Amino acid sequence: MKKPTWVIEKERAKRASAAETVWLFGLHAVRDALMNPAREKLRLVVTKNAADRLADAIPGAGLEPEIADPRKFPVPLDPGSVHQGAALEVKALDWGHLADLCEPGQASPRLMLLDRVTDPHNVGAILRSAEVFGARAVIAPHRHSAPETGALAKTASGALERQPYLRVKNLGDAMQELQKMGYTLVGLAGEGDEVIDDLAPDLAGRPVALVLGAEGPGLRARTRELCDHLVRIPFAGEFGSLNVSNAAAVSLYAMTRNAES
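Residues numbered from 1 in each chain as written. Predicted model: local features only at pLDDT ≥ 70, side-chain atom pairs only at ≥ 80, totals over all residues. Heavy atoms only, no water.

Participant: Tell me about the overall build of the chain, and please be specific about residues and values.
Facilitator: Along the chain, the regular secondary structure elements total ten helices and eleven strands. When contacts within the chain are restricted to residue pairs at least 6 apart in sequence, long-range pairs at least 24 apart make up 80% of them. For the chain, the exposed area adds up to about 13,800 Å²; of that, 50% sits on carbon and sulfur atoms. (Helix = DSSP H or I, 4+ residues; strand = E, 2+ residues; numbered from the N terminus. Contact = heavy atoms within 4.5 Å. Areas by Shrake-Rupley, 256 points an atom, 1.4 Å probe, with all protein chains shown as cover.)

Put into structure tokens, the structure is as follows:
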């Protein structure tokens, strides 16, 4: 029996997705990926100097490095990429399913939800903050979000290998699933009715998901409606605005410092 066209197209898309690879670059990003047993590594290209600096990480990675001329670095990177003589071709990490990754258990986990934050540098910085403050995961929609790229990994400075970055099919559906799991959804908005510092103590013993929108547009209408609270970060001056990655760090700190240990 011949397969329906939609089944064939779905299988093709799945194979194409599995075949996609990412080039990580920069000494920090490459070292952490080499030392991550969960990362599928395909090809390592390094200069002699970079190979010496990565001597602690290369032997256990399971692949033979290709020594390259720094003047003719044979890797398909953007011309402005600061690769420091090291690039690693990998498969994207698989962080599993939302229900398993974010199950509250006995703790009071914190999550970061990103609504159409597409700048890889912002997402990389958010991953660093999430790791520093112990967030369970950073979650974003699969479409209209920053994919796993070399630029994101370099900005994350190794956090991408350790901090779950889960991209879901539909952010609104994921928010509703998290609410059923007991999470309180706290959206960041400049016009929020509550101040985050005032709300944080009331949520100290509960699982919390912080929801941040893209710079400019902010949270989409459905995302706002699904939030249990809309909060703002208080500002001392008239400027009254933060880069989304800075807002993520401030809001996550405000929530985690009040969480039960």
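Participant: Give a detailed account of the sheet that holds strand E1 (residues 22-25), specifying residues and quantitative values.
Facilitator: Pairing is mixed across the open sheet formed by four strands, whose spatial order is E1-E4-E2-E3. Each edge of the open sheet carries a strand with a single partner, namely E1 and strand E3 (66-67). Note: E1 against strand E4 (residues 86-90), four bridges, orientation antiparallel. Residue pairing in the sheet places Val22 in a bridge with Val90 of E4. Helix H2 (residues 27-34) contacts E1, strand E2 (41-46) and E4 of the sheet and is inclined by roughly 45 degrees relative to E4. (Pairing = 2+ DSSP bridges. Axes fitted to C-alpha atoms, helices over the stretch in contact; angles between N-to-C directions.)

Participant: Give me helix H7 (residues 171-180): which residues, what numbers.
Facilitator: When we look at burial in H7, the residues that qualify are Leu171, Gly172, Ala174, Met175 and Leu178. Looking down the long axis of H7, one finds its buried residues gathered within 160 degrees of arc, a one-sided arrangement. If you check the start of H7, you find a side-chain oxygen 3.0 Å away from the backbone N of Gly172, and it comes from Asn170. Following H7 by one or two positions, Gly182 adopts a phi angle in the positive range, close to 105 degrees. (Buried < 20%, exposed > 50% of the residue type's maximum accessible area, 1.4 Å probe, protein only. Arc of directions from axis to C-beta. Polar contact = N/O pair within 3.5 Å; in protein donor to acceptor, adjacent residues only side chain to side chain.)

Participant: Give a description of the pattern of salt bridges that names residues and reports values.
Facilitator: A full pass over the atoms with the stated rule returns twelve salt bridges. Among the salt bridges present, the one from Arg39 reaches Glu161, with a minimum N-O distance of 2.7 Å. In this pair, Arg39 is assigned in the loop between H2 and E2 and Glu161 in the loop between helix H6 (150-156) and strand E7 (165-168), connecting sequence segments 122 residues apart. With relative accessibility at 6%, the residue Glu161 sits in the buried group. Of the charged contacts, one joins Arg222 and Asp173 as a salt bridge, the two residues approaching to 3.5 Å between their closest N and O atoms. Pair noted here: Arg222 is in helix H9 (residues 221-226) and Asp173 is in helix H7, with a separation of 49 residues, a long-range link. Connected through shared salt-bridge partners, Asp32, Glu131 and Arg162 make up one network. (Salt bridge = Lys/Arg side-chain N within 4 Å of Asp/Glu carboxyl O.)

Participant: I'd like a description of the environment of Arg224, backed by residues and values.
Facilitator: Mapping Arg224 onto the fold places it in helix H9. Residue classification places Arg224 among the partly exposed residues on the basis of a relative accessible area of 27%. C-alpha of Arg224 to C-alpha of Leu185: the two residues are 39 residues apart in sequence and 9.7 Å apart in space. Excluding anything up to four places from it in sequence, Arg224 contacts Ala189, Glu191, Leu219 and Leu230. Within the structure, Arg224 has its side chain in polar contact with the side chain of Glu191 (distance 2.7 Å).

Participant: Before we move on, could you go through the nonpolar core and cite the residues and values that matter?
Facilitator: Ranked by internal contacts, the top residues of the largest apolar core, which has 53 residues, are Leu34, Leu127, Tyr165, Leu210, Leu212 and Met255. Examining the composition of this core, we find that six residues originate from one element, helix H10 (residues 244-256), more than from any other. Among residues more than four places away in sequence, those in contact with Leu127 are Val138, Leu152, Ala156, Ala159, Leu160, Gln163, Pro164 and Tyr165. (Core = buried A, V, L, I, M, F, W, Y, C linked by side-chain atoms within 4.5 Å.)

Participant: Break down the sheet that holds strand E8 (residues 184-188) for me, citing the residues and quoting the values.
Facilitator: Here we have seven strands laid out as an open sheet, ordered E7-E6-E5-E10-E8-E11-E9, and parallel in their pairing. The open sheet terminates on both sides in strands that have one partner only, identified here as E7 and strand E9 (194-195). Pairing of strand E5 (residues 110-115) with strand E6 (residues 137-141), which is carried by three bridges, proceeds in the parallel orientation. Residue pairing for E6: Leu113 is matched across the bridge by Ile139. Contacts from H7 reach E5, E6, E7, E8 and strand E10 (208-213) within the one sheet, and its direction differs from that of E5 by about 160 degrees.

Participant: Outline helix H5 (residues 120-132), listing residues and values.
Facilitator: Relative to the 18 Å expected for 13 residues at 1.5 Å per residue, H5 spans 18 Å between its end C-alpha atoms, a close match to the ideal helical length. Within the sequence span of H5, burial applies to Asn122, Val123, Gly124, Ile126, Leu127, Ser129 and Ala130. Looking at the packing, one finds that the buried side of H5 touches E5, E6, H6, E7 and H10. For H5, the N-terminal cap is Asp119; the gap from its side-chain oxygen to the backbone nitrogen of His121 is 2.8 Å. Once H5 finishes, Gly134 follows within two positions and takes phi at roughly 75 degrees, a positive value. (Expected span 1.5 Å × (residues − 1).)

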